[in-house]
Amino acid sequence: MNVQLQQLRYFVTVAEVRHFTRAAEQLGVSQPTLSKQIHTLESALGAPLFDRSRGGVALTTAGETLLPLARRVVADADSARDAVQEVVGLRRGRVRLGATPSLCTSLVPLVLREFHERYPDIELHVDEGGSQDLVAALVAHGLDLALIVEPARGTDPALSTVPVLRESLVVASVAPLSAPRIALAELRDTPLVMFRTGYDLRDTTLEACRRAGFTPRYAVEGGEMDAVLAFVEAGLGVALVPSMALVNRPLLHAAPLVAPGVHRTIALAQRRGSVLPHAAQALRTTLLDHVASSPLPVGVLPL
């Protein structure tokens with residue numbers, strides 16, 4: 001049995017107006033086309049649906065049985081169509097974005113504000129974490145997009161990335177350091193506030209210190225971005241942090257490093273070969289447009 005949605009829609013319309021000609025006009029088809037489709041439906045079901053007489057059109061017992069079921073199918077199909085059109089038209093939907101803590105307190109709020117103003121009915125879900133955790137969430141389909149630190153060894157082959165920003169790392173301190181710019185080696189005897197194991201900036205800091213010829217000593221270790229900055233504000237030590245992390249941190253001073261300095265690349269990642277949902281694609285466009293056209297903090301360059 002091959003029953004088509006269009007045939008059920010035709011059947012419901014004829015049943016409601018009880019006239020083939022008026023039903024055809026309402027549906028925008030010719031009467032012969034309508035009659036043929038009804039006949040095909042009756043053949044597929046194995047029973048006549050209408051009692052055709054000169055006085056009009058009446059439902060048979062089979063037609064009366066089918067009518068509430070056909071109405072439900074047609075209504076469900078219309079609801080499905082409307083729901084999909086709302087998603088495609090960005091009147092409904094959700095997007096799941098991951099980002100590192102420093103970006104969640106600087107770039108991401110600005111981008112989400114622009115996106116929300118354009119698409120107020122889209123749900124926004126943000127997952128804050130280190131790049132390694134965000135990559136794992138992306139691969140596991142827990143996120144649509146993520147702003148991650150691009151590792152020197154390259155990203156996971158399961159992901160496709162677009163470089164977005166090149167960000168300088170600065171020395172954060174509660175009091176100004178001895179010079180406007182300092183060499184990393186000058187921190188040899190200065191206690192550092194160190195990020196937890198597995199956090200991107202821990203590996204970056206340790207590698208930068210190794211290249212500068214020393215192993216840092218820690219004042220305290222184990223925190224993520226907010227904790228590290230709070231420890232620095234408490235005067236426990238200094239920390240090597242992205243320049244954007246000090247936005248809205250008036251108690252802290254930022255000392256740039258002398259050339260060549262230490263930098264990191266922020267990339268926008270998604271699963272390789274995946275087709276983004278319409279809401280996620282719109283957020284991706286909003287983010288890239290924002291970076292390309294908006295002023296960025298000192299030490300941050302668009303790519």
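Throughout what follows, the structure given in this document is the object of discussion. (Residues numbered from 1 in each chain as written. Predicted model: local features only at pLDDT ≥ 70, side-chain atom pairs only at ≥ 80, totals over all residues. Heavy atoms only, no water.)

### A look at the overall build of the protein
In terms of regular secondary structure, the protein is built from 10 helices and 12 strands. A globule of 303 residues ought to have a C-alpha radius of gyration of about 19 Å, yet the protein, at 31 Å, is considerably larger. With respect to the three principal axes, the spread of C-alpha positions in the protein is 105 × 30 × 30 Å. Evaluated residue by residue, the protein yields a buried proportion of 41% over its 303 residues. Considering only residue pairs separated by 6 or more positions, the protein has 73% of its internal contacts joining residues 24 or more positions apart. Accessible area for the protein stands at about 15,400 Å²; split by element, carbon and sulfur atoms hold 53% of it. (Helix = DSSP H or I, 4+ residues; strand = E, 2+ residues; numbered from the N terminus. Rg over C-alpha atoms; globule rule 2.2 N^0.38 Å. Buried < 20%, exposed > 50% of the residue type's maximum accessible area, 1.4 Å probe, protein only. Contact = heavy atoms within 4.5 Å. Areas by Shrake-Rupley, 256 points an atom, 1.4 Å probe, with all protein chains shown as cover.)

### Considerations on the nonpolar core
Val171, Leu187, Met225 and Val241 are the most contacted members of the largest nonpolar core, which totals 30 residues. Contributions of two or more residues to this core are made by β6 (159-173), β7 (192-195), α8 (200-211), α9 (225-233) and β9 (239-242). Not counting the four nearest positions on each side in its chain, Val241 is found in contact with Ser168, Leu169, Val170, Ala172, Phe195, Met225, Leu229 and Leu246. (Core = buried A, V, L, I, M, F, W, Y, C linked by side-chain atoms within 4.5 Å.)

### Here we look at the side chain of Arg196
In this structure, Arg196 sits in the loop between β7 and α8. A polar contact of 2.8 Å, which involves the side chain of Arg196, links it to the side chain of Glu224. In contact with Arg196, not counting residues within four places along its chain, are Asp133, Arg202, Gly222, Gly223 and Glu224. (Polar contact = N/O pair within 3.5 Å; in protein donor to acceptor, adjacent residues only side chain to side chain.)

### Some thoughts on the packing of helix α1 (residues 5-17) against helix α3 (residues 31-45)
The interhelical angle for the contact between α1 and α3, taken along N-to-C directions, is 110 degrees, at an axis separation of 9 Å. In terms of their interaxial angle, α1 and α3 are classed as roughly perpendicular. Packed against α1, whose contacting residues are Gln6, Gln7, Leu8, Tyr10, Phe11 and Val14, the element α3 presents Leu34, Gln37, Ile38, Thr40 and Leu41 at the interface. Its residues placed into classes, the contact of α1 with α3 shows seven nonpolar, four polar and no charged. (Axes fitted to C-alpha atoms, helices over the stretch in contact; angles between N-to-C directions. Parallel < 35°, antiparallel > 145°, perpendicular 65-115°, else oblique. Nonpolar A, V, L, I, M, F, W, Y, C, P; charged D, E, K, R; others polar.)

### Observations regarding the packing of aromatic side chains
According to the stated counting rule, one finds four aromatic pairs in the structure shown. Between Phe20 and Phe50, the aromatic rings sit 5.8 Å apart at their centres with planes inclined by 75 degrees, giving edge-to-face as the arrangement. Here Phe50 lies in strand β1 (residues 50-53) and Phe20 lies in helix α2 (residues 20-27), a separation of 30 residues in the sequence. The same class applies to Phe20 as to Phe50, namely buried. Judged by centre distance (5.0 Å) and plane angle (10 degrees), the ring pair of Phe195 and Tyr199 falls under stacked. Like Tyr199, Phe195 is buried. An aromatic cluster is built from Phe11, Phe20 and Phe50, whose rings are joined through pairwise contacts. (Phe/Tyr/Trp six-rings, centres within 6.5 Å; stacked < 30°, edge-to-face > 60°.)

### Comments concerning helix α10 (residues 278-293)
Over its 16 residues, α10 runs 22 Å from end to end, which matches the ideal 22 Å to within 8%, given 1.5 Å per residue. Those residues of α10 that sit buried are Ala279, Ala280, Ala282, Leu283, Thr286, Leu287, His290 and Val291. Here the buried residues of α10 occupy an arc of 165 degrees about the axis, which is enough to place them on one side. Along α10, the residues that are exposed and aim more than 90 degrees away from the buried face are Ala292 and Ser293. (Expected span 1.5 Å × (residues − 1). Arc of directions from axis to C-beta.)

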